[in-house]
Amino acid sequence: MEATVSDERPDPEGPATFREVFAQSEYRAVFSASVLSWIGDYIAKAAVTVLVYRETDSVALSAAAFAISYLPWLVGGPLLTTLADRYRYRQVMVVCDLVRMALMVLVAVPHLPVPALLGLLFLTTLANPPSQAARSALMPVILTGDRVVLGLSLNASAGQAAQVGGYLVGAAIAAVNPTAALLINAATFGASAMVVRLGVRDRPAAMTAAHRNHLLRETAQGFRIVFGTPVLRAIALLVFSAMLFSVVPEGLAAAWAGERHGGLDAGLAQAVIMAANPVGFILGGLLIGRVFGPARRLRVMRPLAVLAPLVLVPTLLDPPPQVVALLAAGCGFAVAGLLPTANGLFVRVLPDGYRARAFGVMATGVQVIQGAAVLITGVLADRFSVPLVVGVWSAAGVLLMLLITLRWPDAASVDAAVRAGGQARTDEPATRPSVVTQRSAPAQEGPASGVTAATR
């Protein structure tokens, strides 16, 4: 993501091209493996929510199945991401893929009790944090200069496109055979492991034994730098609040489609709602990034933050799924406009040496907040109508965003924080840059890069 306070320093290598990025065979391998696992994940996520809803007729349990992928970030996200620096990147990625493949095969066992299914899903998603961290850290190793920026941007777009395709395919398959959708996900993990194993070099671990510290101490330092720096804290609150509301239509899509089809098949209605937010995100990222320069993007960041939940408030009127999808797309558009700016500012303020830990803090926050939002609104939707829950939840989000934007640091404080971040140096060895702190890191993989991908 691009910086926001001032123009970035020019890259001596000049702007990269798509051809240059894809000419790197290792990037092609990482890109292909990522797309495979993303598509499989979204197919499985759509299938699991349908499966649990059919078995239990409970919106809360269906939402819990959707939200379970966020739980590992709550119980140990920052600790698990640190493992990516302690072991070889390729090893971490391959092992995580193989573990997830085996567990997803077990999830696909017919007539599995819902508690056992949720437990297996939780174990599967424990591999997400170290896998994402390893992939993020590997990017600046295989790409240099502006190629890193373009490569991460391509990953962000591909992740959103995979989400759209995965939800559409997953909902369609789940309507006929949810087990088949889960086995497809297991196959994508196996294919991803093979692509990484054959296409990525086996490099030494980024952190040697001599440089290792206590995991808990390293994690605490990451939290202190993010929440102890006023500007970083303001960015974190803005990003976390955006995630608190934008994910809700996806999480409740199965129940929403079940209550009201709007003339559509229930499976198609679910797919349309689940795919709308990422479609809006893709459009918002492309249009706002092209139309506005860095300074203007900084100025529109706060209005977009308020607009993100505001556009979902009309769901109070109980519109049909087609209109719900348009509203969700509008929310995604606004979020895509503010996240690149927030991520760029986060990069400039963050001191060297804290990048891996910052990834763990931000990605964990994003995942926990998204999971909690879906779970809480799912419980409420068991007692009240889905449109009422989403509308009131979004209205509360407007008030929260107004409070955060009104308390945003002034320009002098932001400039001072940027200068301090550029000058600060830690006495510990710097870790590899992660997706969270790259200037073009995908919001969904990332701030701020845990933002949109850490949902995988």
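Residues numbered from 1 in each chain as written. Predicted model: local features only at pLDDT ≥ 70, side-chain atom pairs only at ≥ 80, totals over all residues. Heavy atoms only, no water.

Novice: How should the overall build of the protein chain be read in this particular structure?
Specialist: Within the protein chain, the regular secondary structure consists of 19 helices and zero strands. For the protein chain, the residues scored as buried account for 58% of the 456 residues in total. Carbon and sulfur atoms form 65% of the exposed surface of the protein chain, whose accessible area is close to 17,500 Å². (Helix = DSSP H or I, 4+ residues; strand = E, 2+ residues; numbered from the N terminus. Buried < 20%, exposed > 50% of the residue type's maximum accessible area, 1.4 Å probe, protein only. Areas by Shrake-Rupley, 256 points an atom, 1.4 Å probe, with all protein chains shown as cover.)

Novice: Explain the packing of aromatic side chains to me, please; I cannot follow it from the model alone.
Specialist: Between two aromatic rings, the relevant description is the distance of the centres plus the angle of the planes. Across all of its chains, the model carries six aromatic pairs by this definition. Where Phe22 meets Tyr27, the ring centres are 5.5 Å apart and the plane angle is 65 degrees; that geometry is what we call edge-to-face. Measuring from ring centre to ring centre gives 6.0 Å for Phe245 and Trp393, while their planes differ by 55 degrees; the resulting arrangement is tilted. Here Phe245 is found in helix α11 (residues 230–246), whereas its partner Trp393 is found in helix α18 (residues 386–406), with 148 residues between them in sequence. In terms of burial, Phe245 and Trp393 fall into one category: buried. Through a chain of ring-to-ring contacts, three or more aromatic side chains come together here, namely Phe22, Tyr27 and Phe31. (Phe/Tyr/Trp six-rings, centres within 6.5 Å; stacked < 30°, edge-to-face > 60°.)

Novice: Is there a simple way to think about the nonpolar core in this case?
Specialist: A general tendency of soluble globular proteins is for nonpolar side chains to be buried together. In this structure, Tyr27, Leu138 and Val386 are the most contacted members of the largest nonpolar core, which totals 54 residues. Counting residues per element, this core draws most heavily on helix α2 (residues 25–56), at eight residues. Ile235, Ala236, Ala308 and Ile404 belong to the second-largest nonpolar core, a separate cluster that totals 46 residues. (Core = buried A, V, L, I, M, F, W, Y, C linked by side-chain atoms within 4.5 Å.)

Novice: Looking at this structure, I do not really get the packing of α2 against helix α6 (residues 114–125). What am I missing?
Specialist: Working note: a packed helix pair is described by the angle between its axes plus the distance between those axes. Where α2 contacts α6, the two axes come as close as 11 Å, and the packing angle between them is 160 degrees. Considered as vectors, α2 and α6 are oriented roughly antiparallel to each other. Taken as a pair, α2 and α6 cross one another with a handedness that is left-handed. In contact with Val48, Leu51, Val52, Glu55 and Thr56 of α2, α6 contributes Val114, Leu117 and Leu121. Taken together, the residues of the contact of α2 with α6 break down into six nonpolar, one polar and one charged. (Axes fitted to C-alpha atoms, helices over the stretch in contact; angles between N-to-C directions. Parallel < 35°, antiparallel > 145°, perpendicular 65-115°, else oblique. Left-handed = near helix turned anticlockwise from the far one by under 90°. Contact = heavy atoms within 4.5 Å. Nonpolar A, V, L, I, M, F, W, Y, C, P; charged D, E, K, R; others polar.)

Novice: I tried to follow the side chain of Arg203 on my own but got confused; where do I start?
Specialist: Tracing the sequence through the fold places Arg203 in the loop between α9 (178–199) and α10 (215–228). Judged by relative accessible area, Arg203 falls into the buried class, the value being 15%. Only 2.6 Å separates the side chain of Arg203 from the side chain of Glu26, close enough to count as a polar contact. Beyond its immediate stretch of four places on either side in the chain, Arg203 contacts Glu26, Arg88, Leu138, Val141 and Ile142. (Polar contact = N/O pair within 3.5 Å; in protein donor to acceptor, adjacent residues only side chain to side chain.)

Novice: Whenever I open this one, the packing of helix α4 (residues 71–86) against helix α7 (residues 128–142) confuses me. Can you help?
Specialist: Between α4 and α7, whose axes approach to 7 Å, the crossing angle comes to 40 degrees. By the angle class used here, α4 and α7 are oblique. The handedness of the crossing between α4 and α7 comes out as right-handed. Side by side, α4 and α7 meet where Trp73, Gly77, Leu80, Thr81 and Ala84 of the first sit next to Asn128, Pro129, Pro130, Gln132, Ala133 and Ala134 of the second. Within the contact of α4 with α7, the residues separate by chemical class into seven nonpolar, four polar and no charged.

Novice: Is there a simple way to think about the environment of Arg90 in this case?
Specialist: By secondary structure assignment, the location of Arg90 is in helix α5 (residues 89–107). Of the residues examined, Arg90 reaches a relative accessible area of 15% and is grouped as buried. Between the C-alpha atom of Arg90 and that of Asp202, which follows or precedes it by 112 residues, the distance is 5.9 Å. Those residues in contact with Arg90, other than ones at most four positions away along the chain, are Val196, Arg197, Val200, Arg201 and Asp202.

Novice: Sorry, what's going on with α6 here?
Specialist: Along an α-helix, residues three or four positions apart point the same way, because every turn accommodates 3.6 residues. Here α6 is twelve residues long and its end C-alpha atoms lie 17 Å apart, about the 16 Å a rise of 1.5 Å per residue gives. Three or more residues of α6 are buried, namely Val114, Leu117, Leu118, Leu120, Leu121, Thr124 and Thr125. The arc that holds every buried residue of α6, seen down its axis, measures 160 degrees, which confines them to one face. Packing partners of the buried residues in α6 comprise α2, α3 (59–67), α4, α5 and α7. (Expected span 1.5 Å × (residues − 1). Arc of directions from axis to C-beta.)

Novice: Looking at this structure, how should I read unusual backbone geometry?
Specialist: Trans is the prevailing form of peptide bonds, just as negative phi is the prevailing case for residues other than glycine. If you check the backbone angles, His111 has positive phi at about 60 degrees while not being a glycine. Relative to the helices and strands, His111 is located in the loop between α5 and α6.

Novice: For this particular structure, what's the right way to read the side chain of Arg100?
Specialist: On the secondary structure map, Arg100 appears in helix α5. Other than its neighbours up to four places away in sequence, Arg100 contacts Thr124, Ala127, Asn128, Ser131 and Phe189.

Novice: Hey, could you run me through the environment of Pro130 in this one?
Specialist: Relative to the helices and strands, Pro130 is located in helix α7. In this structure the C-alpha to C-alpha distance between Pro130 and Cys96, which are 34 residues apart in sequence, comes to 7.7 Å. Apart from residues no more than four positions distant in its own chain, Pro130 is found in contact with Leu80, Thr81, Ala84, Val92 and Cys96.

Novice: I would appreciate a short explanation of the pattern of salt bridges in the present structure.
Specialist: Note that side chains of opposite charge can pair when their charged atoms are close. One pass over the structure, following the stated rule, counts four salt bridges. Arg203 is the partner of Glu26 in a salt bridge, and the nearest nitrogen-oxygen pair spans 2.6 Å. Linking Glu26 in helix α2 with Arg203 in the loop between α9 and α10, this pair joins segments that are 177 residues apart in sequence. In this structure, Asp202 and Arg90 form a salt bridge, with 3.7 Å as the shortest nitrogen-oxygen distance. Taken as a pair, Asp202 in the loop between α9 and α10 and Arg90 in helix α5 lie far apart in primary sequence, 112 residues in all. Given a relative accessible area of 38%, Asp202 falls into the partly exposed group. Among the charged side chains, a salt-bridge network with shared partners connects Arg88, Arg90 and Asp202. (Salt bridge = Lys/Arg side-chain N within 4 Å of Asp/Glu carboxyl O.)

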